[in-house]
Amino acid sequence: MAPEKAAARKASPRDRLLDAAGRLSYRDGVSVGIEALCRAAGVSKRSMYQLFDSKDAMLAASLERRVPWYDAQLTHPDPDSATPRERIMYVFERLVAASVDADYHGCPYLAVLVELKDPGHPASVVARGMKEALVARLRADAEQGGARDPGLLARQLLLVFDGASARAGAGVERLDDGLVTTTVSALLDAAGLRPAPAA
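Residues numbered from 1 in each chain as written. Predicted model: local features only at pLDDT ≥ 70, side-chain atom pairs only at ≥ 80, totals over all residues. Heavy atoms only, no water.

Enquirer: Account for the overall build of the chain, with residues named and values stated.
Expert: Looking only at helices and strands, one finds 10 helices and 0 strands in the chain. Ordered by position in the sequence, the α and β elements of the chain form the string α-α-α-α-α-α-α-α-α-α. Taken along the three principal axes of its C-alpha coordinates, the chain extends 60 × 40 × 35 Å. Counting only residues that meet the buried cut, the chain has 41% of its 199 residues in that class. Across the chain, contacts joining residues at least 24 apart in sequence account for 66% of those joining residues at least 6 apart. Here the chain displays about 10,800 Å² of accessible surface, and carbon together with sulfur accounts for 55% of that area. Side-chain charges of the chain comprise 26 positive and 26 negative groups, with the mean position of each set lying 6 Å from the other. (Helix = DSSP H or I, 4+ residues; strand = E, 2+ residues; numbered from the N terminus. Buried < 20%, exposed > 50% of the residue type's maximum accessible area, 1.4 Å probe, protein only. Contact = heavy atoms within 4.5 Å. Areas by Shrake-Rupley, 256 points an atom, 1.4 Å probe, with all protein chains shown as cover. Lys, Arg positive; Asp, Glu negative; His and termini not counted. Charge placed at Lys NZ, Arg CZ, Asp CG, Glu CD.)

Below is the structure:
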């Protein structure tokens, strides 16, 4: 048995189900069937229902479990010494870097919100919370950077983030041509955000 398969087998059934739900729902959408999820996790349907009340609950738990990793991907490696502008730009630089991966299908949280269309669905609640956290982070950096209207700027930035990730995820736009970072930089300038210090 390959080492990665052996490691996967050592994971708990709950972890295997959450991994499978995260992987398959990101690749195939939230309508992926319970049979496919259980098969990919190597867990019986009976065991799944002992661990989760429903597929919806399992999907929500999978998204919640991914939040710390996702958040870490968008956090500047040295947030204390980086300027607010550098912290904001880093979010979009990471988006551009992720978008060129062959397995990139856009922001997983946006995809859930678009697919489900039900604000009360447990997975929608998690996804909306993640988006609210991102806009709050952008707003805090905008405030610290001296933006004239931090709330408006944060909303504009999230619109660029979600639009760019959706278009790249759908394969209709490449993000590595500088358009995203140029657009964000123009928004920051127009909002009066202080420029990064000269190197």
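Enquirer: Lay out helix H7 (residues 108-116) in plain terms, naming residues and giving numbers.
Expert: Taken as a whole, H7 has its buried residues at Pro108, Tyr109, Leu110 and Val112. Those residues of H7 hidden inside the fold are in contact with helix H2 (13-28), helix H5 (55-73), helix H8 (122-144) and helix H9 (150-169). Looking one or two residues beyond H7, the residue adopting positive phi is Lys117, at roughly 60°.

Enquirer: Mind laying out the environment of Asp28, listing which residues take part and the relevant values?
Expert: One can find Asp28 in helix H2. Within polar-contact distance, the side chain of Asp28 engages the side chain of Arg27 at 2.9 Å. (Polar contact = N/O pair within 3.5 Å; in protein donor to acceptor, adjacent residues only side chain to side chain.)

Enquirer: Tell me what's going on with the layout of surface pockets, and back it up with residues and numbers.
Expert: For the largest pocket, the calculated volume is near 460 Å³. Lining the largest pocket are 21 residues, with Tyr26, Arg66, Trp69, Ala98 and Tyr104 sitting closest to its centre. Secondary-structure elements contributing two or more residues to the lining of the largest pocket are H2, H5, helix H6 (84-99) and H9. (1 Å grid on protein atoms, 1.4 Å probe; cavity = no way out; pocket = protein on both sides within 12 Å on 5 of 7 lines; lining within 4 Å. Points joined across faces, edges and corners; volume = space filled by probe spheres on them.)

Enquirer: Break down empty space enclosed by the protein for me, citing the residues and quoting the values.
Expert: One pass over the full model with this rule turns up 1 cavity of 30 Å³ or more. Around the largest cavity, the lining residues are Ala21, Ser25, Val30, Val32, Leu37, Lys55 and Leu59. Of all elements in the fold, only H2 and H5 reach the threshold of two or more residues within the lining of the largest cavity. Residues belonging to the lining of the largest cavity are distributed by class as follows: 5 nonpolar, 1 polar and 1 charged. (Nonpolar A, V, L, I, M, F, W, Y, C, P; charged D, E, K, R; others polar.)

Enquirer: I'd love a proper account of the packing of H6 against H9, names of residues and values included.
Expert: The interhelical angle for the contact between H6 and H9, taken along N-to-C directions, is 5°, at an axis separation of 10 Å. Here H6 lies roughly parallel to H9, going by the angle between them. Every residue of H9 that contacts H6 at Ile88, Val91, Phe92, Leu95 and Ser99 is listed here: Leu157, Val160, Phe161, Ala164, Ser165 and Ala168. Class assignment of the residues belonging to the contact of H6 with H9 gives a composition of 9 nonpolar, 2 polar and no charged. (Axes fitted to C-alpha atoms, helices over the stretch in contact; angles between N-to-C directions. Parallel < 35°, antiparallel > 145°, perpendicular 65-115°, else oblique.)

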